[in-house]
Amino acid sequence: YIDKSFDISRAIVQSNKVQQYTFKTDKGEKVGLIRVPTFSQSTESQVRTALDELRKSDAFLLDIRGNAGGYMPAGVDVAKLFLPPRTRIISEIDKTGRTTISINDGIGSVVD
């Protein structure tokens, strides 16, 4: 038995926010870049806001390179913004062999 005490400080954990940028290609096309560094409960709404602000872009890039993961349902919700209806997004198989499939049940892509 070791009797040792220490102090713990409570702090608010800041999640990385979705970032957005625009740039022009050599052909003059405007491209909207949305970078998602991690998935959290607010990611889908942040991506939706970024899409609204970048609405006049000719094309979009969704950058998830280096994404640390996080709240998996948020990743599914973000995928629903870009994929057509009835598209399979993810299949999960648990340790008992039960499969859960997530399908885009919404209206499909919010990007025209």
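Residues numbered from 1 in each chain as written. Predicted model: local features only at pLDDT ≥ 70, side-chain atom pairs only at ≥ 80, totals over all residues. Heavy atoms only, no water.

1. Structural notes on the sheet that holds strand β1 (residues 19–24)
Then step 1. Strand order in the open sheet formed by three strands is β1-β2-β3, and the pairing between neighbours is mixed. In the strand order of this sheet, the two ends are held by β1 and β3 (59–63), each with one partner. On average, each strand axis in the sheet is inclined to that of its neighbour by 20°, with strand direction left out of account.
Then step 2. Its contacts with the sheet place helix α1 (residues 43–53) against β1, β2 (30–35) and β3, and it is angled at close to 165° to β2. (Pairing = 2+ DSSP bridges. Helix = DSSP H or I, 4+ residues; strand = E, 2+ residues; numbered from the N terminus. Axes fitted to C-alpha atoms, helices over the stretch in contact; angles between N-to-C directions. Contact = heavy atoms within 4.5 Å.)

2. With respect to the nonpolar core
Then step 1. In this structure, V18, I34, V36, F39, V47, A50, L51, L54, A74, V78 and L81 together form the largest nonpolar core, which totals 11 residues.
Then step 2. Of all the secondary structure elements, the ones that give two or more residues to this core are α1 and α2 (72–82).
Then step 3. When near neighbours in sequence (up to four residues on either side) are disregarded, V18 contacts I34, R35, V36, P37, T43, Q46 and V47. (Core = buried A, V, L, I, M, F, W, Y, C linked by side-chain atoms within 4.5 Å. Buried < 20%, exposed > 50% of the residue type's maximum accessible area, 1.4 Å probe, protein only.)

3. Looking at the packing of α1 against α2
Then step 1. Where α1 meets α2, the closest approach of the two axes is 8 Å, and the angle between their N-to-C directions is 25°. Considering the angle they form, α1 stands roughly parallel to α2. Handedness of the crossing formed by α1 with α2: right-handed. For the pair α1 and α2, contact is made by T43, E44, V47, R48 and L51 and by A74, D77, V78, L81 and F82, respectively. (Parallel < 35°, antiparallel > 145°, perpendicular 65-115°, else oblique. Left-handed = near helix turned anticlockwise from the far one by under 90°.)

4. Quick word on the pairing of β2
As a general feature of sheets, a regular strand has side chains that alternate between the two faces.
Then step 1. Strand direction decides the pairing type here: β1 and β2, joined by six bridges, are antiparallel. Bridge pairing in β2 links Q19 to R35.
Then step 2. The loop that links β1 with its antiparallel partner β2 comprises five residues; one of these, G28, has a positive phi angle of about 85°.
Then step 3. With five bridges connecting them, β2 and β3 associate as parallel partners. Following the sheet pairing, L33 is matched in β3 by L61.

All we've got here are geometric facts, nothing functional implied.
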